[in-house]
Amino acid sequence: MPTAPESRRRFSLVRNSRLVRREALYGYLFVCPQVLGFLLFVLGPVVAVFAFSLQSRSLLSGKATFIGLKNYSQMLFSDPTFIKVLLNSLRFTAGLVPLNIGLSLILALLLSRKMPGVRPFRTLFFAPVVTSGIAWAIVWQFVLQGKQGVLNQLLGMIAIEGPNWLFHPEWAMISVIVTRVIKNVGVNMVIFLAAIQDVPEEQIDAASVDGANTWETIRHIIIPYLAPTVFMATIITVIGSLKVFDHIMALTAAGPANATLVLVFY
């Protein structure tokens, strides 16, 4: 027969194993909604899109025919517009992301200082974010018109003749990028402002005591603390730049000559 210590040891093992199983069950129950959501709303649609891409589907009759990689072959080798669209999308992202991140970081550093009257400026820079994208684009259409546009009239006052911003192939893409950056820069600015407030004051005070100037404090203390936040904001901005539609639709309608035609619009 087992002794009393052995019985207590076995009872303790059984109880511990039950606790472990119970905790594992609770963990699975908590994770289950997230996993189900991922399967239903992320992985499922991705698999469905890939399956649809291997078919020729009629939108009227709903009839689908399996054609393998023919759609991809046609897109890459038989569609002359696709390469231009792909390059336009890369240009748009390459121009928008650094400009957005850089400007929002500068604004956050400037507006994080404790100065009187700084809150209205924070509201001013964030206001375009909550503005309708269509309304924003229509306003900029009037600003960027040819000779009658507000911007060209201002440039004319200093003897500079501005181009027809939205109807020149090169300037149209630049105009779309800049106006999009101005509209959404407030989102990343707020994210960086929140991250700057979490930078330890002791580190900044120690740098000031050691004789570091403002630039050295920003470079060696604030920027390293903001690195994870900058990375996250960059990912979000890249995703957003690849999903843009309404802004281009209302501002240039993908023109002129497909100069601003991007993947989502195409």
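Everything discussed here concerns the structure shown above.
Residues numbered from 1 in each chain as written. Predicted model: local features only at pLDDT ≥ 70, side-chain atom pairs only at ≥ 80, totals over all residues. Heavy atoms only, no water.

## Remarks on the overall build of the chain
Counting secondary structure elements, the chain contains 10 helices and two strands. Secondary structure of the chain in N-to-C order comes out as α-β-β-α-α-α-α-α-α-α-α-α. Relative to the globule expectation of 18 Å for 266 residues, the C-alpha radius of gyration of the chain, 28 Å, shows a markedly less compact shape. In terms of principal-axis extent, the alpha carbons of the chain reach across some 105 × 70 × 30 Å. (Helix = DSSP H or I, 4+ residues; strand = E, 2+ residues; numbered from the N terminus. Rg over C-alpha atoms; globule rule 2.2 N^0.38 Å.)

## Some points on the environment of Ala 135
With respect to the helices and strands, the residue Ala 135 is situated in helix α5 (residues 133–143). The class of Ala 135 is partly exposed, set by a relative accessible area of 35%. With 115 residues separating them along the chain, Ala 135 and Ala 250 place their C-alpha atoms 8.7 Å apart. (Buried < 20%, exposed > 50% of the residue type's maximum accessible area, 1.4 Å probe, protein only.)

## Quick word on the environment of Val 85
Take Val 85: it is sitting in helix α3 (residues 80–111). Beyond its immediate stretch of four places on either side in the chain, Val 85 contacts Leu 261, Val 262, Leu 263 and Tyr 266. (Contact = heavy atoms within 4.5 Å.)

## Description of unusual backbone geometry
Of the consecutive residues Gly 255 and Pro 256, the connecting peptide bond is found in the cis state with omega at -10°. Within the fold, Pro 256 resides in the segment after α10 (246–251). You will see that Ala 159, though not glycine, has its phi angle at about 65°, which is positive. One can find Ala 159 in the loop between α6 (150–157) and α7 (169–197). For Ala 159, a relative accessible area of 73% puts it in the exposed group. The backbone phi angle of Ala 254 is positive, close to 70°, even though this residue is not glycine. Positionally, Ala 254 belongs in the segment after α10.

## Examining the layout of surface pockets
For the largest pocket, the calculated volume is near 590 Å³. Contributing to the lining of the largest pocket are 20 residues, with Ser 112, Arg 113, Ile 196, Ile 204 and Ile 222 lying nearest its centre. Going through the elements one at a time, α3, α7, α8 (201–209) and α9 (214–242) are the ones with two or more residues in the lining of the largest pocket. Considering only residue class, the lining of the largest pocket consists of 10 nonpolar, six polar and four charged. Looking at the second largest pocket, its volume works out to about 200 Å³. Looking at the second largest pocket, the residues that line it are Phe 92, Leu 96, Asn 100, Arg 180, Asn 184, Val 187, Asn 188, Ile 236, Thr 237, Gly 240 and Ser 241. Residue composition of the lining of the second largest pocket, by class: four nonpolar, six polar and one charged. (1 Å grid on protein atoms, 1.4 Å probe; cavity = no way out; pocket = protein on both sides within 12 Å on 5 of 7 lines; lining within 4 Å. Points joined across faces, edges and corners; volume = space filled by probe spheres on them. Nonpolar A, V, L, I, M, F, W, Y, C, P; charged D, E, K, R; others polar.)

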